[in-house]
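So the chains spell out like this:
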Amino acid sequence: MRRLDRLTWAALGAGTLLFVLLALTFHLPQRLVSLVGSRPAAHRLDGRIAPGEYQFEYQDPASKLVFAWSIVGDQLYGAVSSPDTGWVAVGFGGGGPLMYGSDIVIGDVDAHGAHVEEDWANTPTSHVPEAAVGGHDDLLGSAGLKTASGTTIEFVRPLAAHDTTQEAIVAGQTRVLMASTESSDLTAYHVEGHKAVALLNLFAGPPAPAGGGAALPDHLTDVQIMLAAWMAVLLLIGLHGVAARWAEGGAEEPADVSRERTGVAVALIVVLMLLELAALVAFAVGIALGWPVWQLGVSLAAGLLALAGIVVLYSRAFVRWEAVRVERDDGIPW
Ligand code: HEM
């Protein structure tokens, strides 16, 4: 390959510098360190939601009820926690009104330990043990802990539903109900306690909270947009320069080097075609599963970039521009 010209070097250098600046404004180094340091711990049924124990966590801002969960194989590990010191519960699905049809895990903790059971909301305002209405208590394990600052129960249940009182946990939005009270009577109304309803995608986690905590911020600042735009322009100029030099090769280039160059181009085109396919499949799956807009955008952008790469590689490596130019000078319109 011939040496790169100064413009290409300058564009690559400046683009990389802007990338580093942009990464710093997103606190990327700190995020990477915390990502590496916070691997999900093994689930422990001990009535505590340990930091990093669960894949996902949703806290209702008004009631302060917390639902944490992980999907492990064909099971859901769940925990629900409340500032109240009576029973706590989480319910899945049910078409309503209110609680009707919800598949509930409810529990309380007393001197003898935790009592956690699976109930079914048989009316909009009551629930009964599933075993009492022809269903089965399918909990595979449970635990609970009560302290002065509240009650937490943990449980494991299958994702699949084995009877009509159960709600299968599937991809897409699931209606999740939570409630708690100061009473230990599992049939008591949560009148003086707390309640919350949320639509959660149990496979993808809760919607990103506004502000910090999300992988990407909701809004970019003007400075970040400016850095990102100039970075993209400069890197494109730089990469184009590199690709152009590489594809042009030298006029005096030996035939075997030229063949090797074509082989590399074919390999790169194959890789880009696979990337293109993966991006399009991801986009289609994302639409079907209701992924957040930024994930759809990223998969589409990756597909478009891969397509652009295929076109550039093909035209650089296979179109004989020298012949085209000569033919054009000869007046052959093609
Ligand atoms: C026998 C016990 C229960 C009784 C008598 C009861 C009663 C009621 C009543 C009267 C309402 C409507 C008024 C209000 O919003 O406060 C309601 C709503 C609600 N309950 Fe219960 N409840 C019971 C247990 C539970 C349990 C175990 C859960 C948790 C899974 C729960 C979750 C909710 C939620 C989330 C709402 C609000 C629903 C909505 O706004 O769409 N309840 N309940």
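The structure presented is a predicted model; accordingly, all values stated were derived computationally and were not measured.

**Student:** Quick question: what am I supposed to make of the site of the ligand here?
**Tutor:** Residues in contact with the ligand amount to 21 residues; listed here are only the nearest, M99, T125, Y189, H190 and K195. A distance of 2.9 Å separates an oxygen atom of the ligand from a polar side-chain atom of Y189. Contact between the ligand and K195: an oxygen atom at 2.8 Å from a side-chain N or O atom of the residue. Sorting the residues of the shell around the ligand by element identifies β4 (88–92), β5 (103–110), β10 (173–180) and β11 (194–201) as the ones contributing at least two each. No other element matches β10, which puts 4 residues into the shell around the ligand. Residues belonging to the shell around the ligand are distributed by class as follows: 14 nonpolar, 5 polar and 2 charged.

**Student:** What is the right way to read the coordination of the iron atom of the ligand from this model?
**Tutor:** Protein ligation of the iron atom of the ligand involves M99 (SD) and H190 (NE2), the donor distances falling in the range 2.1 to 2.3 Å. Of note is the iron atom of the ligand, whose 6 donor atoms meet at the metal with angles of 87 to 179 degrees in an arrangement that counts as octahedral. With a gap of 91 residues between them, M99 in the loop between β4 and β5 and H190 in the loop between β10 and β11 connect regions that are remote in the sequence. H190 carries the same exposure label as M99, and that label is buried.

**Student:** What's the story with the packing of aromatic side chains in this structure? I'm lost.
**Tutor:** Where two aromatic rings form a pair, the distance of their centres and the angle of their planes describe that pair. With the rule as written, the count across this model stands at 4 aromatic pairs. Aromatic side chains F67 and W69 sit 5.0 Å apart centroid to centroid with 10 degrees between the ring planes, which places their arrangement in the stacked category. By the burial criterion, F67 is buried, and W69 matches it. Ring geometry for Y100 versus W120: centroids 6.1 Å apart, planes at 55 degrees, classification tilted. Here Y100 is found in the loop between β4 and β5, whereas its partner W120 is found in strand β6 (residues 113–123), with 20 residues between them in sequence. The exposure class assigned to Y100 is partly exposed, which follows from its relative accessible area of 34%. An aromatic cluster is built from F56, F67, W69 and F92, whose rings are joined through pairwise contacts.

Thresholds applied
Residues numbered from 1 in each chain as written. Predicted model: local features only at pLDDT ≥ 70, side-chain atom pairs only at ≥ 80, totals over all residues. Heavy atoms only, no water. Near = heavy atom within 4 Å. Polar contact = N/O pair within 3.5 Å; in protein donor to acceptor, adjacent residues only side chain to side chain. Helix = DSSP H or I, 4+ residues; strand = E, 2+ residues; numbered from the N terminus. Nonpolar A, V, L, I, M, F, W, Y, C, P; charged D, E, K, R; others polar. Donors = N, O, S within 2.8 Å, 3.2 Å for Na, K, Ca; no water. Tetrahedral: all angles 85-135°; square planar, octahedral: opposite > 155°, others 65-115°. Buried < 20%, exposed > 50% of the residue type's maximum accessible area, 1.4 Å probe, protein only. Phe/Tyr/Trp six-rings, centres within 6.5 Å; stacked < 30°, edge-to-face > 60°.

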